[in-house]
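Working through the structure, step by step
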2 protein chains.
Amino acid sequence: MGKYSIGLDFGTLSARAIVVDVENGKEMATSVVGYQDAVFDKVLPGTRITIPEEFALQNPQDYIDALESLLSDVWKKAKIKAEDIIGIGVASTSSSVICLDDKYHPLCFNERYKNNPHSWIKLWKHHGAQEEADMINDMVNVVNGKLFEFYGGKTNSENFFAKILETARKAPEIYDATYRFMEIADWIVYLLTGNDVRNSCMAGFKAFWNKDNKCILHTVFSKLSPRFDNVLSKISDDVGMIGGKAGGLTKEMSQKISIPEGVAVSLGNADGHLAVPAVGVTKPNTMVLIMGTSISHMILSDKAEGIPGICGVVEDGIIPGFFAYEAGQSAGGDIYDWFVSKIAPYEFMQQAIEKNVTIFKVLDAKAGQIQAGTSGVLALDWWNGNRSTLGDSRLSGVLLGLNINTKPEEIYKALIESTAFGTRLIVEVFENYGVQVKSIVACGGLSQKSSVVIQTFSDILNKPIKVSAVSQTTALGAAMYGAVAAGAANNGYDSIIQAAQRMSKLEEEEYRPNSRNVEIYNKLYKNYKSLYNLLGKNFNSIMWDLKTIYNKH
Amino acid sequence: MGKYSIGLDFGTLSARAIVVDVENGKEMATSVVGYQDAVFDKVLPGTRITIPEEFALQNPQDYIDALESLLSDVWKKAKIKAEDIIGIGVASTSSSVICLDDKYHPLCFNERYKNNPHSWIKLWKHHGAQEEADMINDMVNVVNGKLFEFYGGKTNSENFFAKILETARKAPEIYDATYRFMEIADWIVYLLTGNDVRNSCMAGFKAFWNKDNKCILHTVFSKLSPRFDNVLSKISDDVGMIGGKAGGLTKEMSQKISIPEGVAVSLGNADGHLAVPAVGVTKPNTMVLIMGTSISHMILSDKAEGIPGICGVVEDGIIPGFFAYEAGQSAGGDIYDWFVSKIAPYEFMQQAIEKNVTIFKVLDAKAGQIQAGTSGVLALDWWNGNRSTLGDSRLSGVLLGLNINTKPEEIYKALIESTAFGTRLIVEVFENYGVQVKSIVACGGLSQKSSVVIQTFSDILNKPIKVSAVSQTTALGAAMYGAVAAGAANNGYDSIIQAAQRMSKLEEEEYRPNSRNVEIYNKLYKNYKSLYNLLGKNFNSIMWDLKTIYNKH
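Residues numbered from 1 in each chain as written. Chains lettered and ligands numbered in written order. Predicted model: local features only at pLDDT ≥ 70, side-chain atom pairs only at ≥ 80, totals over all residues. Heavy atoms only, no water.

1. Description of the overall build of chain A
Looking only at helices and strands, chain A features 19 helices and 23 strands. For 553 residues, the compact-globule estimate of 2.2 N^0.38 gives 24 Å, and chain A sits close to it at 23 Å. For chain A, buried positions account for 62% of its 553 residues. Of the contacts formed within chain A by residues at least 6 apart in sequence, a portion of 73% connects residues at least 24 apart. (Helix = DSSP H or I, 4+ residues; strand = E, 2+ residues; numbered from the N terminus. Rg over C-alpha atoms; globule rule 2.2 N^0.38 Å. Buried < 20%, exposed > 50% of the residue type's maximum accessible area, 1.4 Å probe, protein only. Contact = heavy atoms within 4.5 Å.)

Following this line, the structure appears as structure tokens:
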């Protein structure tokens with residue numbers, strides 16, 4: 001007689017749905033659908049219309065198709081009855097922005113607008129709005145520098161408003177024809193419920209919303225461009241607090257997917273942030289590390305502090321009742337993957353082939369045998385620039401301490417160490433501002449892929465680390481919020497805290513710091529910091545110049 | 001009716017002899033013999049007697065065997081008559097020191113001494129005498145800092161006297177029993193001629209000799225250790241000017257090798273320095289780059305300047321009548337070899353196997369297609385520390401500007417560029433002190449292995465480069481000096497300048513700087529220099545610490 005919740009996770013290249021048992025979080029079934037047009041950055045689909053540099057666009061039809069196909073299919077796969085589904089939770093990347101007309105139809109579905117790249121979805125990693133981000137930062141400095149106190153001091157080109165300002169400036173006809181700019185997750189929620197309601201997480205982290213001032217930038221917009229004066233009228237002013245119910249499944253959608261009308265649908269959720277309840281963290285002092293190609297750092301606190309260099313702090317941003325902090329490293333697994341795929345030493349590839357394992361496994365095993373501090377190699381983890389704490393995309397990766405006896409696995413180990421040192425620096429900044437980090441829970445692909453990585457993080461951070469036992473933390477988190485949207489009265493939960501207690505799962509084993517390594521890494525960390533300050537702050541022009549020498553020529 | 005000279009080159013692991021036509025330098029035959037005991041650094045040959053760390057020892061018997069076997073064999077291989085051999089030239093590594101009793105027998109041949117590691121040959125790369133080098137530097141600073149004005153400001157552990165002082169301190173019984181400490185080349189000359197005469201090149205570069213003061217340290221020795229007071233009595237005070245004749249072949253040796261008694265034998269020569277006449281350079285303003293695992297920079301001048309950070313300047317050190325300057329980079333081909341052998345990306349290795357070429361060839365071809373300045377990668381060439389201009393063995397290699405799109409061949413190209421930038425820095429120091437470098441001649445294995453390397457050097461140095469057409473420059477140089485020892489009266493030459501004009505050979509083609517690349521590299525060089533100053537001078541403790549963190553722990 002179980003009750004079930006469905007978690008939807010719209011990622012960058014595919015969408016995923018899982019059905020979980022509300023009682024204990026057990027995964028009953030999972031379905032994945034890839035987006036047909038994926039991400040386009042060269043030409044618009046089916047045309048020869050070229051797309052400007054730095055763009056990353058998507059087709060709304062792919063999301064609609066995925067939504068309907070997943071919801072029709074996944075619960076049947078789980079062999080449950082549709083009547084036992086009590087809630088649906090929705091998560092997506094952010095800030096991924098869609099523009100809609102007054103009937104909530106995507107503008108890119110309209111013959112009149114479809115040839116304009118700005119009418120399509122601007123994916124989170126669309127970087128066409130750097131100029132607009134700079135404009136916003138400059139204007140905030142002029143108007144009131146303190147406005148970004150809780151956003152680490154500045155915004156970047158992935159921001160919601162930077163992307164919209166780009167449309168207003170570069171494609172005014174699209175901007176003018178847009179009735180609603182929405183985050184993808186909020187739009188999906190609209191498709192399911194017919195309600196146009198934003199979620200406090202994305203509104204806070206990506207669109208400068210807070211409970212008191214609504215959008216803290218409201219005095220700035222008109223100064224950026226006369227046309228931009230009306231931007232807030234193009235965004236719903238209904239913002240629901242995370243964990244709330246957005247509405248019930250519409251009749252129309254109910255018929256398409258064969259799930260009963262009225263089933264509770266949660267507000268939208270940002271994929272990364274969902275990991276926090278999904279690994280059972282609902283209180284301060286435990287940092288959640290989301291370790292994938294990049295690394296995100298989430299932590300809850302009772303108070304808001306303006307911490308320079310972090311991504312932001314948002315009230316009710318992740319768990320209602322707490323201030324949620326986010327920081328991030330632009331590259332984590334990306335760096336290891338670079339080494340594994342681009343460098344891929346012959347010897348290790350051969351061993352991988354012989355043993356029929358991945359080269360990653362071979363390198364991991366070798367790296368695990370290297371004593372801390374013995375290789376003399378030190379790296380700076382800036383392969384994708386630095387997000388927190390320097391916020392500088394012009395920075396680049398460094399390897400130092402190389403000699404003719406340096407082995408590939410020693411470089412690999414140094415890369416792992418560098419990402420852990422980068423996290424330690426972020427932890428240190430948090431703690432300097434009174435946000436204490438007592439323990440850590442890790443999730444994401446990397447956390448399950450390599451025990452060497454997690455042990456190295458534990459040694460370098462000198463903190464215990466627990467690892468999620470669930471591979472799909474985002475989808476699980478979405479399902480939790482689906483159960484919360486249903487509420488206890490409907491066999492769900494009345495709060496995400498209760499849901500997390502019952503539905504989350506961690507591995508039994510905890511990684512604990514090795515005291516001998518801790519001591520050595522404390523010394524190495526000083527060197528990392530010296531190099532960080534040298535090349536990231538005082539002499540950052542060396543790296544900046546390298547990026548432009550050829551182009552300037 | 002040709003006349004021939006034999007060049008002998010005693011290298012680190014093998015000895016080589018070539019027979020060349022004195023008229024035109026044409027190589028008639030070559031023979032190579034490996035040393036049976038090679039270099040020993042763990043136990044003494046045939047024993048379990050352990051050798052201290054940092055030692056690098058050799059067996060004199062290997063040299064004797066090689067000498068006799070090469071000279072018996074090589075001229076027969078050339079199908080010439082022994083009567084047509086007019087001279088023999090000798091070159092060896094330096095400073096490689098042998099200790100002999102008063103009958104000129106190696107002490108390690110004596111039962112009484114053979115179990116003491118200090119009784120064997122201390123090879124140039126024996127680094128056991130660091131403490132003694134420090135003592136010498138400290139004492140010179142106390143007595144008169146200007147003494148090392150012409151030696152870049154300090155000496156190192158490879159120096160002749162540092163090695164002998166080590167013996168005096170660590171093995172006084174060997175020191176006391178030694179009648180003669182000799183450079184290997186001088187000892188080989190003794191074996192051939194029975195004459196105990198040193199050469200002005202090694203005496204100058206490695207043993208602080210100059211025409212006026214004999215040994216500039218004579219006032220310092222007694223202060224280093226009471227026992228060391230008599231060190232100069234253990235070294236021949238007969239120093240012959242490079243290019244001179246050491247003597248004629250003894251009857252005894254003549255019988256062993258079937259070359260007529262009395263054939264002229266040159267003074268000993270240092271292997272690297274011989275490259276200068278061997279590539280035809282006998283005048284100022286042309287720098288000779290000897291490009292092998294490391295890179296040496298030799299240049300002649302009319303005047304002596306105290307240039308900080310170079311290896312030294314010695315009157316008559318290479319070509320009689322000129323001051324010879326030497327500088328060096330501790331790693332050149334070593335760095336590329338590290339990348340090729342240790343990193344060896346799988347993809348390139350596969351291509352190499354498919355095309356049946358070396359991976360070096362594959363990488364070289366790829367690197368040749370990379371436009372200057374496009375990769376954004378910058379390296380510091382300190383894989384073996386820095387010899388000139390910082391003289392700091394604790395420094396280490398750096399790669400900067402890495403990102404997740406960085407390709408292996410871009411790293412490889414950056415490694416090549418880094419060695420060229422390192423040479424440019426040395427050239428700049430020379431020119432700042434009035435020693436102008438107008439053109440360059442390159443020789444050594446690397447110069448013949450890769451046109452990409454030479455073109456990159458030309459672009460970065462903004463100077464034309466010619467390349468030696470001879471693969472065995474050291475042996476050819478030795479043969480030239482053999483012809484000079486014979487003299488014009490015996491169908492040889494009266495000066496090395498004449499010999500070089502006739503016997504040296506360069507490739508026709510000259511590498512010329514590409515003006516577009518020159519401009520880009522001028523900018524990149526500024527970045528290289530900033531990084532060089534940052535990590536090599538102002539913040540060198542970062543690298544120093546990395547070498548000791550584990551050991552100190």
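2. What to know about the packing of helix H16 (residues 473-486) of chain B against helix H17 (residues 496-503) of chain B
Residues and elements named next belong to chain B. Running from N to C, H16 and H17 point in directions that differ by 130°, and their axes come no closer than 9 Å. In terms of orientation, H16 lies oblique with respect to H17. In the packing of H16 onto H17, the handedness of the crossing is right-handed. Contacts between H16 and H17 involve Leu-476, Ala-479, Met-480, Tyr-481, Ala-483 and Val-484 on the former and, on the latter, Ile-496, Ala-499, Ala-500 and Met-503. Looking at the contact of H16 with H17 residue by residue, the classes come out as 10 nonpolar, no polar and no charged. (Axes fitted to C-alpha atoms, helices over the stretch in contact; angles between N-to-C directions. Parallel < 35°, antiparallel > 145°, perpendicular 65-115°, else oblique. Left-handed = near helix turned anticlockwise from the far one by under 90°. Nonpolar A, V, L, I, M, F, W, Y, C, P; charged D, E, K, R; others polar.)

3. Here we look at the pattern of salt bridges
A side chain with one charge may pair with a side chain of the opposite charge, provided their charged atoms come close. Counted by the stated rule, this structure contains 40 salt bridges over all chains. In this structure, Lys529(B) engages Glu428(B) in a salt bridge whose closest nitrogen and oxygen atoms are separated by 2.5 Å. With Lys529(B) in helix H18 (residues 515-538) and Glu428(B) in helix H13 (residues 408-432), the pair connects residues that are 101 residues apart, well separated along the chain. Connected via shared salt-bridge partners are Glu131(A), Glu132(A), Arg169(A) and Lys170(A). (Salt bridge = Lys/Arg side-chain N within 4 Å of Asp/Glu carboxyl O.)

4. A word on H18(B)
If you check H18(B), its first and last C-alpha atoms are 33 Å apart, about what 24 residues at 1.5 Å a residue would give, namely 34 Å. Capping of H18(B) at its N-terminal end is provided by Asn514(B); its side-chain oxygen lies 2.9 Å from the backbone amide nitrogen of Arg516(B). (Expected span 1.5 Å × (residues − 1). Polar contact = N/O pair within 3.5 Å; in protein donor to acceptor, adjacent residues only side chain to side chain.)

5. Some remarks on the packing of aromatic side chains
Residues and elements named next belong to chain B. Here the structure, examined in full by the defined rule, presents 56 aromatic pairs over all chains. When the ring of Tyr-104 is compared with that of Tyr-190, the centres are 4.1 Å apart and the planes differ by 20°; the resulting orientation is stacked. On the criterion of sequence distance, the pair formed by Tyr-104 in the loop between strand S6 (97-100) and strand S7 (121-122) and Tyr-190 in helix H5 (residues 184-193) is long-range, its members being 86 residues apart. A relative accessible area of 18% places Tyr-190 in the buried class. Ring centres of Tyr-525 and Tyr-528 lie 6.3 Å apart, and the angle between their planes is 15°; on these two criteria the pair is classed as stacked. Of this pair, Tyr-525 and Tyr-528 both sit in helix H18, three residues apart, which is roughly one turn of the helix. (Phe/Tyr/Trp six-rings, centres within 6.5 Å; stacked < 30°, edge-to-face > 60°.)

6. Observations regarding the sheet that holds strand S16 (residues 295-301) of chain A
Residue and element names in this part refer to chain A. The sheet built from seven strands is open, its strands ordered S17-S18-S16-S15-S21-S22-S23 with mixed pairing. Two strands in the sheet have a free side with no partner beyond their single neighbour: strand S17 (312-315) and strand S23 (506-511). Strand-to-strand twist in this sheet, taken as the mean axis angle between neighbours without regard to direction, amounts to 25°. Bridge count between S16 and strand S18 (residues 323-329): seven bridges; the pairing is antiparallel. Counterpart to Ile-295 in the pairing with S18 is Gln-329. (Pairing = 2+ DSSP bridges.)

7. A look at the interface of chain B and chain A
Every contact between the two is made by 50 residues of chain B and, on the other side, 50 residues of chain A. For the pair chain B and chain A, the summed buried surface comes to about 4,700 Å²; carbon and sulfur atoms form 69% of the total. Counting across the interface, chain B meets chain A through zero salt bridges. At the boundary of chain B and chain A, one finds 13 residue pairs in polar contact (both at pLDDT 80 or more). By residue class, the composition of the side of chain B that touches chain A is 29 nonpolar, 15 polar and six charged. Bridge count between strand S20 (residues 397-402) of chain A and strand S20 (residues 397-402) of chain B: five bridges; the pairing is antiparallel. Pairing of Val398(A) across the sheet is with Leu400(B), part of S20(B). (Buried area = accessible area lost by both parts, 1.4 Å probe.)

8. Thoughts on the pairing of strand S14 (residues 264-270) of chain A
Residue and element names in this part refer to chain A. S14 sits mainly inside the fold: seven of its seven residues count as buried. Note: strand S5 (residues 85-92) against S14, five bridges, orientation parallel. Looking at the pairing, Ala-91 lines up with Asn-269 of S14. As paired elements, strand S13 (residues 245-248) and S14 share three bridges and run antiparallel to each other. Looking across to S14, one finds that Gly-247 is bridged to Val-265.

9. Here's the deal with the packing of helix H13 (residues 408-432) of chain A against helix H18 (residues 515-538) of chain A
Residues and elements named next belong to chain A. Contact geometry for H13 and H18: axes closest at 10 Å, N-to-C directions at 80°. Classified by the interaxial angle, the pair formed by H13 and H18 is roughly perpendicular. Facing Lys-413, Glu-417, Ser-418, Phe-421, Gly-422, Arg-424, Leu-425 and Glu-428 of H13, the residues of H18 in contact are Tyr-521, Asn-522, Leu-524, Tyr-525, Tyr-528, Lys-529 and Tyr-532. Grouping the amino acids of the contact of H13 with H18 by side-chain chemistry returns seven nonpolar, three polar and five charged.

10. Some points on the sheet that holds S14(A)
Residue and element names in this part refer to chain A. Taken together, six strands build an open sheet; the order of strands is S3-S2-S1-S5-S14-S13 and the sheet is mixed. Each edge of the open sheet is held by one strand with a lone partner, namely strand S3 (27-34) and S13. Across the sheet, the mean angle separating the axes of adjacent strands is 20° when strand polarity is ignored. Looking at chain direction, strand S1 (residues 4-10) and S5 are connected through seven bridges and run parallel. Following the sheet pairing, Asp-9 is matched in S5 by Ala-91. Lying on the sheet, helix H1 (residues 60-77) is in contact with S1, strand S2 (14-21), S3 and S5; it crosses S3 at an angle near 155°. The strands touched by helix H5 (residues 184-193) within the sheet are S1, S5, S13 and S14, with S14 carrying the most contacts at an inclination of about 170°.

11. Some words on the nonpolar core
The tendency in soluble globular proteins is for nonpolar side chains to be buried side by side. Leu535(A) and Leu535(B) are the most contacted members of the largest nonpolar core, which totals 158 residues. Setting aside its immediate chain neighbours within four residues, Leu535(B) contacts Leu400(A), Leu531(A), Leu534(A), Leu380(B), Trp382(B), Leu395(B), Val398(B), Asn540(B) and Met543(B). Grouped together as the second largest cluster of nonpolar side chains are 123 residues, Ala66(A), Ala78(A), Ala185(A) and Phe221(A) included. (Core = buried A, V, L, I, M, F, W, Y, C linked by side-chain atoms within 4.5 Å.)

12. Some thoughts on the relation of the copies chain B and chain A
The transform that puts chain B on chain A rotates by 180° and translates by 0.1 Å along the axis, for an RMSD of 0.1 Å. Read as a symmetry element, the transformation amounts to a two-fold axis. (Least-squares fit on C-alpha atoms with pLDDT ≥ 70 in both.)

13. Some words on the side chain of His273(A)
Residue and element names in this part refer to chain A. Within the secondary structure, His-273 sits in helix H9 (residues 271-278). Taking relative accessible area as the criterion, His-273 reaches 6% and is therefore assigned buried. Engagement of the side chain of His-273 in a polar contact is seen with the side chain of Glu-326, the distance being 2.9 Å. Once you skip the residues sitting within four places of it in the chain, His-273 turns out to touch Cys-201, Phe-205, Met-298, Ile-318 and Glu-326.

14. Thoughts on the state of the cysteines
Residue and element names in this part refer to chain A. A full pass over the atoms with the stated rule returns zero disulfides over all chains. Cys-201 supplies the cysteine sulfur nearest to Cys-311, a cysteine that is in no disulfide, at a spacing of 12 Å. Given the relative accessible area of 23%, Cys-311 is considered partly exposed. (Disulfide = S-S within 2.5 Å.)

15. Section: the environment of Asn156(B)
Residue and element names in this part refer to chain B. Its location among the elements puts Asn-156 in the loop between helix H2 (130-144) and helix H3 (160-170). We classify Asn-156 as partly exposed; its relative accessible area is 42%. Along the backbone, Asn-156 and Gln-130 are 26 residues apart, and their C-alpha atoms lie at a distance of 6.9 Å. The contacts of Asn-156, once residues within four sequence positions are left out, are Ala-133 and Ala-162.

16. Considerations on the confidence of the model for chain A
Averaged over all residues, the pLDDT of chain A equals 95, while 99% of them reach at least 70. Here the complex is predicted with pTM 0.91, and the ipTM for its interfaces comes to 0.90. (pLDDT = per-residue confidence, 0-100.)

17. Looking at unusual backbone geometry
Cis geometry marks the peptide bond from Ser388(A) to Thr389(A); its omega dihedral reads 5°. Inspection of the secondary structure assignment puts Thr389(A) in the loop between strand S19 (378-380) and S20. Its identity as a non-glycine residue notwithstanding, Glu54(B) has a phi of 75°, on the positive side. Within the secondary structure, Glu54(B) sits in the loop between strand S3 (27-34) and strand S4 (57-58). Assessed through its relative accessible area of 51%, Glu54(B) is described here as exposed. Even without being glycine, Tyr104(B) reaches a positive phi, approximately 65°. The class of Tyr104(B) is buried, set by a relative accessible area of 13%.

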